[in-house]
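The chain contents come next:
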Amino acid sequence: MSSTELPGVQAAAAALAPTVSAVRVADGERLRTVSLPGIGLTVRCRPGDRAGLPPALYVHGLGGSSQNWSALMPLLSDVVDGEAVDLPGFGDSPPPDDGDYSVTGHARAVIRLLDAEERGPVHLFGNSLGGAVATRVAAVRPDLVRTLTLVSPALPEWRVQRARLTKGWTAEQRTRGVMALCYGDPARVSEEAFRHAVAEMERRLELPYFWDAMTHSARGIVDAYTLGGQQGLWRQAERVLAPTQLVYGGRDQLVSYRMARRASAAFRGARLLTLPDAGHVAMMEYPEAVAQAFRELLDESGGS
């Protein structure tokens, strides 16, 4: 395993798409690459305000990237040393060599990252697809997880919600469509943030593997919903030992608000934050509220 600092896309991604523009890095963040057999991962780092803080790892949702956590991470830099991973095929991470975009495949990538760097146990955050991934990680490797915070986790519903892939749209049209689908109130997005989102969408659409990553990861969520027995996500939720914070948005069009009750029953002793005006990405819309909920979880679980 090797880890190197960016800027610049890592060699594997650059070889696939040499003209793709660089990923945006906010003030106070830095990017690094982690090379493991069969996968390369880009990690967005938001170091803690002082040495010795416990580590946190943030896992994004379908079609997202580590940038989805850029609003939340600085709000918690006084209590955790934060890192957000680009899952294989998303953000600045190249596709996995084996083409495995299943929930299990993404969970395996997260586990391998934590094992390789001996960074665990971490405060693990997940949104949407990342919530399903984080649930699986916490269930099968409890030694790697201190606490679990799930924002609209993509756990099985009776009616599967399918995102529109809108392959023929321009980057701006697609960005507006994604925001209309994912935000409780898209008008809350500033003009500057919208411009950054369009630029990132333009960058992603230049990647030759963008649609494969999207379609196969979406299929991976559907496939995970059909698994039964010990591999079923609800059964794995019941096995999670880590103190858990759940966050659900009342205007979420992708994960039904009604699933909050079932999730609260599945994750033992879980805390629940409901945000009536939030959509699917509460950590981007209401980062202060999500940060406060995590601080309360941290206090209740012993503050480490």
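Residues numbered from 1 in each chain as written. Predicted model: local features only at pLDDT ≥ 70, side-chain atom pairs only at ≥ 80, totals over all residues. Heavy atoms only, no water.

**Q** It is not clear to me how the nonpolar core should be interpreted in this structure. Could you clarify?
**A** The nonpolar side chains of a soluble globular protein tend to be buried with one another. Counting 57 residues, the largest nonpolar core has Leu 124, Leu 148 and Phe 267 as the members making the most contacts within it. Excluding residues within four positions of it along the chain, Phe 267 makes contact with Thr 135, Leu 148, Leu 150, Leu 155, Ala 237, Val 240, Thr 244 and Leu 246. Among the nonpolar cores identified, the runner-up in size contains 34 residues, and Ala 84, Leu 181, Val 189 and Leu 254 belong to it. (Core = buried A, V, L, I, M, F, W, Y, C linked by side-chain atoms within 4.5 Å. Buried < 20%, exposed > 50% of the residue type's maximum accessible area, 1.4 Å probe, protein only. Contact = heavy atoms within 4.5 Å.)

**Q** I keep staring at the pairing of strand S7 (residues 145–151) and nothing clicks. Help me out?
**A** Side chains on a regular strand alternate between the two faces of the sheet. The buried fraction of S7 is high, at 6 of 7 residues. Between the parallel pair strand S6 (residues 122–127) and S7, the chain is carried across by helix H3 (residues 129–140), and the sense of this crossover is right-handed. Here 4 bridges tie S7 to strand S8 (residues 244–249), and the two strands are oriented parallel to one another. By the bridge assignment for S8, Leu 148 is matched with Thr 244. (Helix = DSSP H or I, 4+ residues; strand = E, 2+ residues; numbered from the N terminus. Right-handed = clockwise from strand over helix to strand, strands pointing away. Pairing = 2+ DSSP bridges.)

**Q** Any chance you could explain the packing of aromatic side chains here in plain terms?
**A** The geometry of an aromatic ring pair comes down to the distance between the two centres and the angle between the two planes. Counting across every chain of the model gives 5 aromatic pairs. Arranged with centres 5.3 Å apart and planes meeting at 45°, the rings of Tyr 58 and Trp 69 form a pair that is tilted. Of this pair, Tyr 58 sits in strand S4 (residues 55–59) while Trp 69 sits in the loop between S4 and strand S5 (81–85), and the two are 11 residues apart along the sequence. Since its relative accessible area comes to 0%, Tyr 58 is described here as buried. Look at Tyr 58 and Phe 125: their rings are 4.5 Å apart centre to centre, the planes differ by 25°, and that puts the pair in the stacked class. Of this pair, Tyr 58 sits in strand S4 while Phe 125 sits in strand S6; the two residues are 67 residues apart in sequence, bridging distant segments of the chain. (Phe/Tyr/Trp six-rings, centres within 6.5 Å; stacked < 30°, edge-to-face > 60°.)

**Q** Would you take a moment to explain the packing of helix H4 (residues 171–182) against helix H5 (residues 191–205) for this structure?
**A** Geometrically, a packed helix pair is captured by the angle between its two axes and the distance between the axes. Look at H4 against H5: their axes get within 9 Å of each other, and the N-to-C directions meet at 115°. Judged by the twist between their axes, the crossing of H4 over H5 is right-handed. Counted together, Ala 171, Glu 172, Arg 174, Thr 175, Arg 176, Val 178 and Met 179 of H4 and Phe 194, Ala 197, Val 198, Met 201, Glu 202 and Leu 205 of H5 form the full contact between these two elements. (Axes fitted to C-alpha atoms, helices over the stretch in contact; angles between N-to-C directions. Left-handed = near helix turned anticlockwise from the far one by under 90°.)

**Q** Looking at this structure, how should I read helix H8 (residues 259–266)?
**A** Along an α-helix, a turn takes 3.6 residues, which lines up residues three or four apart on a common side. Among all positions of H8, only Met 259, Ala 260, Ala 263 and Ala 266 are buried. Looking straight down H8, one finds its buried side chains confined to an arc of 125°; they lie on one side. In H8, those exposed residues whose orientation departs by more than 90 degrees from the buried face are Arg 261 and Ala 265. At its buried positions, H8 is contacted by helix H7 (233–239), S8 and strand S9 (271–275). (Arc of directions from axis to C-beta.)

**Q** Would you take a moment to explain the pattern of salt bridges for this structure?
**A** A side chain of one charge can pair with a side chain of the opposite charge if their charged atoms are brought near each other. A full pass over the atoms with the stated rule returns 17 salt bridges. The salt bridge partner of Asp 78 is Arg 295, with a shortest N-O separation of 2.7 Å. Here Asp 78, found in the loop between S4 and S5, pairs with Arg 295, found in helix H10 (residues 287–300); they are 217 residues apart in sequence, far enough to count as distant. Each of Arg 32, Asp 81, Glu 83, Glu 117 and Arg 119 takes part in salt bridges that share partners, so that together they form one network. (Salt bridge = Lys/Arg side-chain N within 4 Å of Asp/Glu carboxyl O.)

**Q** Any chance you could explain the confidence of the model for the protein here in plain terms?
**A** Keep in mind that low pLDDT regions are not for reading the predicted coordinates in detail. The share of residues in the protein with pLDDT of 70 or more is 90%, and the mean pLDDT across the chain is 90. Contacts for the low-pLDDT stretch residues 1–18, under 50 throughout, to residues beyond four places or in other chains number 40 contacts. (pLDDT = per-residue confidence, 0-100.)

**Q** Could you clarify how one ought to interpret the environment of Glu 206 in this entry?
**A** When you line up the elements, Glu 206 lands in the loop between H5 and helix H6 (210–226). By relative accessible area, Glu 206 is classed as partly exposed at 44%. Once the C-alpha coordinates of Glu 206 and Ser 21 are considered, the two residues, 185 residues apart in sequence, prove to be 8.8 Å apart.

**Q** In this structure, what is going on with H3? I would like to understand it.
**A** The end-to-end C-alpha distance of H3, which contains 12 residues, comes to 17 Å, matching closely the 16 Å that a straight helix rising 1.5 Å per residue would cover. Extensive coverage of H3 is indicated by the burial of 11 of its 12 residues. Tucked into the core, H3 has its buried residues touching S4, helix H2 (103–117), S6, S7, H6 and H7. (Expected span 1.5 Å × (residues − 1).)

**Q** Explain the packing of H2 against H3 to me, please; I cannot follow it from the model alone.
**A** One way to put it is that H2 packs onto H3 with a least axis distance of 9 Å and a crossing angle of 65°. Read as a crossing pair, H2 and H3 show a hand that is right-handed. Each of Val 103, Thr 104, His 106, Ala 107, Val 110 and Ile 111 in H2 lies in contact with H3, whose residues at this interface are Leu 129, Ala 132, Val 133, Arg 136, Val 137 and Val 140. Residues of the contact of H2 with H3, tallied by class, amount to 9 nonpolar, 2 polar and 1 charged. (Nonpolar A, V, L, I, M, F, W, Y, C, P; charged D, E, K, R; others polar.)

**Q** Help me understand unusual backbone geometry in this model?
**A** Only a minority of non-glycine residues have a phi that is not negative, and only a minority of peptide bonds are not trans. For the bond running from Gly 120 to Pro 121, omega is 0°, close enough to zero to count as cis. Within the secondary structure, Pro 121 sits in the loop between H2 and S6. A positive phi is found at Glu 118, a non-glycine position, where the angle reads about 50°. Tracing the chain through its elements places Glu 118 in the loop between H2 and S6.

**Q** Explanation requested: the side chain of Arg 32 in the structure shown.
**A** Its location among the elements puts Arg 32 in strand S2 (residues 30–36). For Arg 32, a relative accessible area of 6% puts it in the buried group. One polar contact links Arg 32 to Glu 117, side chain to side chain, over a distance of 2.5 Å. (Polar contact = N/O pair within 3.5 Å; in protein donor to acceptor, adjacent residues only side chain to side chain.)

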